[in-house]
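Architecture and fold: a report
Chain by chain, the residues:
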Amino acid sequence: MFTVIAIQVTPTATDKTSTGSQGLPQSVKLEFKGGKVVINGVEKTVPIDETVPATFDDGSTIKVIPGEGTYTVDPDGTVTFTPEKGFTGLARGVTVVRQDINGTKVSAHYAPTVSPAVPEKTIPEAQSVKMNNNAPQVIQEERLLPKTDTKHTQHLSLIHIS
């Protein structure tokens, strides 16, 4: 005679956060892992069901939160957040759900933070040379460059006209 013993196996998930600049999308892949159980001294894993796509907790794959931004979730659990233009700070975030091959559901929360745009650095730039009474006069204009532009350097060259 055999006795059947049902053992609850629960998958796990890891909540995640991210930080990005104002107006720019952020993406993270949430981690979902199958639950583990030891049977007759051997550890077994009940894997996540890769044929069932990840969704938000309401079953959707797109979520718009007014005043905050738009979230999308890919089948593999990658969440992308595109903030509204003026939004900064910690967003409410979203909950994503997956399930294992037994249908046991697990959820993870994603909460992005949007940092305010960095003020742009102002540098002078020679725009044109204007003749005034036959004497050259350099007209300067303030030009704004993103502070994050680390690959390019602006050089100001003055040409003397005799």
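Being a predicted model, the structure only gives us computed values, none of them experimental.

**Let's talk about the pattern of salt bridges**
- Tallied over the entire structure, the rule returns 5 salt bridges.
- One salt bridge connects Glu50 with Arg98, and the closest N-O pair in it is separated by 3.2 Å. With Glu50 in the loop between strand S6 (42–46) and strand S7 (55–56) and Arg98 in strand S12 (residues 94–99), this residue pair connects regions lying 48 residues apart in the sequence.

**Some points on the sheet that holds strand S8 (residues 62–65)**
- Across the sheet, 4 strands lie side by side as S3-S10-S9-S8; this open sheet has antiparallel pairing. Of all strands in the sheet, those bounded by a partner on one side alone are strand S3 (26–29) and S8. Taken pair by pair, the neighbouring strands of this sheet meet at an average axis angle of 15°, ignoring direction.
- The pairing of S8 with strand S9 (residues 69–73) spans 4 bridges and is antiparallel. Across the sheet, Val64 pairs through a bridge with Thr70, a residue of S9.

**Remarks on the side chain of Glu68**
- Mapped onto the elements of the fold, Glu68 is located in the loop between S8 and S9.
- Although buried, Glu68 forms no salt bridge, and the nearest oppositely charged side chain, Arg92, lies 4.1 Å from it.
- Once residues within four sequence positions are removed from consideration, Glu68 is found in contact with Phe81, Pro83, Glu84, Phe87, Ala91, Arg92 and Gly93.

**A short note on the pairing of S8**
- Because side chains alternate across S8, one face comprises the buried residues Lys63 and Ile65, and the other comprises Ile62 and Val64, none of which is buried.
- Hairpin connection between S8 and S9: a loop of 3 residues separates the two successive antiparallel strands, and Gly67 in this loop has a positive phi of roughly 80°.

**A closer look at the environment of Thr55**
- Within the secondary structure layout, Thr55 lies in strand S7.
- C-alpha of Thr55 to C-alpha of Val96: the two residues are 41 residues apart in sequence and 5.6 Å apart in space.
- Excluding its chain neighbours within four sequence positions, the residues that come into contact with Thr55 are Ser60, Thr61, Val73, Thr95, Val96 and Val97.

**Thoughts on a nonpolar patch on the surface**
- A surface patch of nonpolar side chains, about 310 Å² in accessible area, is lined by Ile5, Ile7 and Ile39.
- Residue position: Ile5 is located in the segment before strand S1 (12–14).

**Remarks on the packing of aromatic side chains**
- Counting across every chain of the model gives 3 aromatic pairs.
- Between Tyr71 and Tyr110, the ring centres sit 6.5 Å apart and the planes meet at 85°, which makes this aromatic pair edge-to-face. You can see Tyr71 sitting in strand S9 and its partner Tyr110 sitting in strand S13 (residues 105–115), a full 39 residues away along the chain.
- In this structure Tyr110 comes out as buried when scored by relative accessible area, which is 0%.
- Look at Phe81 and Phe87: their rings are 6.4 Å apart centre to centre, the planes differ by 85°, and that puts the pair in the edge-to-face class. Taken individually, Phe81 and Phe87 each receive the classification buried, so the pair is uniform in this respect.

**A short note on the nonpolar core**
- The biggest cluster of nonpolar side chains holds 19 residues, and the ones touching the most others in it are Leu30, Tyr71, Val79, Val96 and Tyr110.
- Every element with two or more residues in this core is listed here: S9, strand S10 (78–83), S12 and S13.
- Take this core: its biggest share by element is 4 residues, from S13.

Scoring rules and cut-offs
- Residues numbered from 1 in each chain as written.
- Predicted model: local features only at pLDDT ≥ 70, side-chain atom pairs only at ≥ 80, totals over all residues.
- Heavy atoms only, no water.
- Salt bridge = Lys/Arg side-chain N within 4 Å of Asp/Glu carboxyl O.
- Helix = DSSP H or I, 4+ residues; strand = E, 2+ residues; numbered from the N terminus.
- Pairing = 2+ DSSP bridges.
- Axes fitted to C-alpha atoms, helices over the stretch in contact; angles between N-to-C directions.
- Buried < 20%, exposed > 50% of the residue type's maximum accessible area, 1.4 Å probe, protein only.
- Lys, Arg positive; Asp, Glu negative; His and termini not counted.
- Contact = heavy atoms within 4.5 Å.
- Patch = residues over 30% accessible without salt bridge, like charges linked within 9 Å, V, L, I, M, F, W, Y side chains within 5 Å.
- Areas by Shrake-Rupley, 256 points an atom, 1.4 Å probe, with all protein chains shown as cover.
- Phe/Tyr/Trp six-rings, centres within 6.5 Å; stacked < 30°, edge-to-face > 60°.
- Core = buried A, V, L, I, M, F, W, Y, C linked by side-chain atoms within 4.5 Å.

Note that all results are geometric; they support no functional claim without further evidence.
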